[in-house]
Amino acid sequence: MGTLAPEPEVICSKNYLALGLKVSSKEKSGKPKVLSLLSTLLERSIQNNESLLESTQRKDVITIFHGSRAPSLGIEQYLDRIFKYSCCSPSCFVVAHIYMERFIESTSAHLTSLNVHRLLITSVMVAAKFIDDAFYNNAYYARVGGVTTKELNKLEMKFLFGLDFRLHASVQTFGSYCSLLEKEGTVGLQIERSIQACRISESWSNKDDSTCAQC
């Protein structure tokens with residue numbers, strides 16, 4: 001699918017390509033790096049927020065995006081699922097991150113494990129509608145996100161009003177978020193090197209969700 005994402009020459013082309021973002025390409029190069037970097041950034045933010053809420057014994061602002069418990073599917077797996085079955089451009093995930101931060105700021109809520117999944121599916125869907133040339137309807141995104149169409153419709157409206165319908169992201173803003181994600185990759189590399197230096201090895205198992213909608 002096509003995309004109206006900013007030209008890589010306008011922002012830092014090195015960061016742009018490193019994230020796996022392409023303006024126009026018919027080739028599938030596999031999973032773009034932006035997914036893993038975004039998941040790491042969100043996970044770290046959630047950990048900090050939940051630790052802050054626990055230590056200060058503050059109650060978070062409850063929104064329509066909050067669930068009673070955190071889903072069993074991890075953030076990176078959820079992002080992989082959205083990318084695989086929505087067929088949206090990788091740039092949508094950068095724009096979705098911008099939207100999520102705008103929404104969080106407008107509601108004074110915190111990003112936690114209870115609301116991140118609903119915020120992700122809603123923000124990516126809205127981003128795809130705004131910057132991609134073609135996109136699926138809400139019913140399809142609801143199947144991909146694991147919610148009902150009725151619920152996703154409500155989430156979308158709440159999200160748009162929370163953003164005050166400010167969906168435009170300037171080239172400068174897009175570029176700064178790309179740089180932020182690229183820095184996240186540098187932090188992760190430093191941690192990985194530290195683990196290797198200590199000769200610590202861990203095994204991770206990722207199971208694909210066979211119940212996903214077919215694209």
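Predicted model, so just to flag it, every value in this text is computed and none were measured.

## Details of the overall build of the chain
Counting secondary structure elements, the chain contains 8 helices and 0 strands. In the chain, the succession of α and β elements from N to C terminus is α-α-α-α-α-α-α-α. Out of the 215 residues belonging to the chain, those deemed buried represent 44%. Per element, the accessible surface of the chain, about 12,200 Å² overall, is 52% carbon and sulfur.

## Overview of helix α7 (residues 149–162)
Here α7 contains 14 residues, and its C-alpha end-to-end distance of 20 Å stays within 8% of the 20 Å for a straight helix at 1.5 Å per residue. For α7, the full list of buried residues reads Leu152, Leu155, Glu156, Phe159 and Leu160. When α7 is viewed along its axis, its buried side chains cluster within an angular range of 130° and face the same direction. Opposite the buried face of α7, at more than 90 degrees from it, the exposed residues are Lys150 and Phe161. The inward-facing, buried residues of α7 abut α4 (91–107), α5 (116–131) and α6 (138–145).

## What to know about the packing of α4 against α5
Axis separation between α4 and α5 bottoms out at 8 Å; the angle between their running directions is 120°. The angle between the axes of α4 and α5 places the two elements in the oblique class. Relative to α5, the crossing made by α4 is right-handed. Residues Ser91, Cys92, Phe93, Val95, Ala96, Tyr99, Met100, Phe103 and Ile104 of α4 form the contact with α5, whose own contacting residues are Val116, Leu119, Leu120, Ser123, Val124, Val126, Ala127, Ala128, Phe130 and Ile131. Residues of the contact of α4 with α5, tallied by class, amount to 17 nonpolar, 2 polar and no charged.

## So, a nonpolar patch on the surface
There is a patch of nonpolar side chains on the surface, built from Met157, Phe161 and Phe165 and spanning about 330 Å² of accessible area. Structurally, the position occupied by phenylalanine 165 is in the loop between α7 and α8 (171–197). The class of phenylalanine 165 is partly exposed, set by a relative accessible area of 45%.

## Structural notes on the pattern of salt bridges
Inspection of every chain in the model, using the stated rule, returns 4 salt bridges. A network of salt bridges, in which partner residues are shared, links Lys31, Glu76 and Asp80.

## Quick look at α4
Across its 17 residues, α4 extends 25 Å between first and last C-alpha, which sits within 8% of the 24 Å expected from 1.5 Å per residue. Following α4 by one or two positions, serine 108 adopts a phi angle in the positive range, close to 65°.

## Some thoughts on the packing of α5 against α7
Where α5 contacts α7, the axes come no closer than 10 Å and their chain directions differ by 75°. Between α5 and α7, the interaxial angle falls into the category roughly perpendicular. Contacts from Arg118, Leu119, Ile121, Thr122, Ser123, Met125, Val126 and Lys129 of α5 reach α7 at Glu151, Leu152, Leu155, Glu156, Phe159 and Leu160. Its residues assigned to classes, the contact of α5 with α7 comprises 8 nonpolar, 2 polar and 4 charged.

## Overview of the confidence of the model for the chain
Fine structural detail should not be taken from predicted coordinates in areas where pLDDT scores are low. Summarising the model, the chain shows a mean pLDDT of 80, and 72% of its residues fall at 70 or more. Predicted confidence for residues 6–11 stays below pLDDT 50, and this span has 14 contacts to residues more than four positions away or in other chains. This stretch, residues 23–27, has a pLDDT under 50; its non-local contacts, to residues over four places away or in other chains, come to 6 contacts.

## So, the environment of arginine 58
Along the polypeptide, arginine 58 turns up in the loop between α2 (33–56) and α3 (75–86). According to the relative accessible area criterion, arginine 58 is partly exposed, its value standing at 47%.

## Notes on the packing of aromatic side chains
Applying the stated criterion to the full structure yields 6 aromatic pairs. Ring geometry for tyrosine 136 against tyrosine 140: centres 4.1 Å apart, planes inclined by 25°, an arrangement best described as stacked. By relative accessible area, tyrosine 136 is classed as partly exposed at 25%. Exposure remark for tyrosine 140: the relative accessible area of 10% places this residue in the buried category. One aromatic cluster is present, built from ring pairs that chain together Phe65, Phe103 and Phe159.

Basis of the calculations
- Residues numbered from 1 in each chain as written.
- Predicted model: local features only at pLDDT ≥ 70, side-chain atom pairs only at ≥ 80, totals over all residues.
- Heavy atoms only, no water.
- Helix = DSSP H or I, 4+ residues; strand = E, 2+ residues; numbered from the N terminus.
- Buried < 20%, exposed > 50% of the residue type's maximum accessible area, 1.4 Å probe, protein only.
- Areas by Shrake-Rupley, 256 points an atom, 1.4 Å probe, with all protein chains shown as cover.
- Expected span 1.5 Å × (residues − 1).
- Arc of directions from axis to C-beta.
- Contact = heavy atoms within 4.5 Å.
- Axes fitted to C-alpha atoms, helices over the stretch in contact; angles between N-to-C directions.
- Parallel < 35°, antiparallel > 145°, perpendicular 65-115°, else oblique.
- Left-handed = near helix turned anticlockwise from the far one by under 90°.
- Nonpolar A, V, L, I, M, F, W, Y, C, P; charged D, E, K, R; others polar.
- Patch = residues over 30% accessible without salt bridge, like charges linked within 9 Å, V, L, I, M, F, W, Y side chains within 5 Å.
- Salt bridge = Lys/Arg side-chain N within 4 Å of Asp/Glu carboxyl O.
- pLDDT = per-residue confidence, 0-100.
- Phe/Tyr/Trp six-rings, centres within 6.5 Å; stacked < 30°, edge-to-face > 60°.

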